[in-house]
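# Geometric and topological summary
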Amino acid sequence: MIPQPIPLLDPNAPMPGHASAQAQENQALDIIFIDGFVGETVIGIHHDELHDTQPLRIDLAAGLPRSRACDTDQIADTIDYSEVRTALLEMLAGHAYRLLEAFAEGVATLLLEHFGAHWVRVRVTKPGKFPDVDGVGVMIERRRLPTPTASPRHTAEVLSLLGAGMVPGERR
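Now for a look at the structure at hand.

Viewed as axis vectors pointing N to C, helix α3 (residues 81-94) and helix α4 (residues 100-114) meet at an angle of 145°, and their least axial separation amounts to 11 Å. Our pair here, α3 against α4, has a crossing hand that is right-handed. Touching V84, A87, L88, M91 and L92 of α3 are F103, G106, V107, L110 and L111, all from α4. The class makeup of the residues in the contact of α3 with α4 is 9 nonpolar, 1 polar and no charged.

Laid out in structure tokens, this is it:
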């Protein structure tokens, strides 16, 4: 029996152990994806992988909470997949990763930090690594961690100190 592929575009599956998974699970996302990007790079741990380039297939999905682009019709209000593609090409040319797991984490971090995604799923595959399988690889899923918000009282205290010419935490 041939196993069915894991769906790439299911951002609602909770992440085990993530404290805010339940809250974010209910948040609607617009998902920008790249399916079937193939580039050449040197990656691996075996001697035959360390000198010559080999193909990597990258499938990714990046979610934004209802992007403004739905209303504005402007590319600046969403993730521009052409810029993501360019970043992937640069990453393939200049990375120092040996494991697919680390490479996938680098892609996820790029999408979360540089492109502002709130949720990502990244699948990296070495097609044809072995003659009896289509490909081997890894799939990771990450969410942006919620940013802590200061309490109104704390904010008022800091503003009061700044108004008095003092910097919080500075010693005189």
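What follows picks up the thread again.
Moving on, we get to the pattern of salt bridges. Applying the stated rule across the entire model yields 9 salt bridges. Residue R57 pairs with D59 through a salt bridge whose shortest N-O separation is 2.9 Å. For R57, a relative accessible area of 32% translates into the label partly exposed. R68 is the partner of D77 in a salt bridge, and the nearest nitrogen-oxygen pair spans 3.4 Å. In this structure R68 comes out as exposed when scored by relative accessible area, which is 55%. One salt-bridge network, in which partners are shared between bridges, spans D35, R57, D59 and R123.

The rules we used
Residues numbered from 1 in each chain as written. Predicted model: local features only at pLDDT ≥ 70, side-chain atom pairs only at ≥ 80, totals over all residues. Heavy atoms only, no water. Axes fitted to C-alpha atoms, helices over the stretch in contact; angles between N-to-C directions. Helix = DSSP H or I, 4+ residues; strand = E, 2+ residues; numbered from the N terminus. Left-handed = near helix turned anticlockwise from the far one by under 90°. Contact = heavy atoms within 4.5 Å. Nonpolar A, V, L, I, M, F, W, Y, C, P; charged D, E, K, R; others polar. Salt bridge = Lys/Arg side-chain N within 4 Å of Asp/Glu carboxyl O. Buried < 20%, exposed > 50% of the residue type's maximum accessible area, 1.4 Å probe, protein only.

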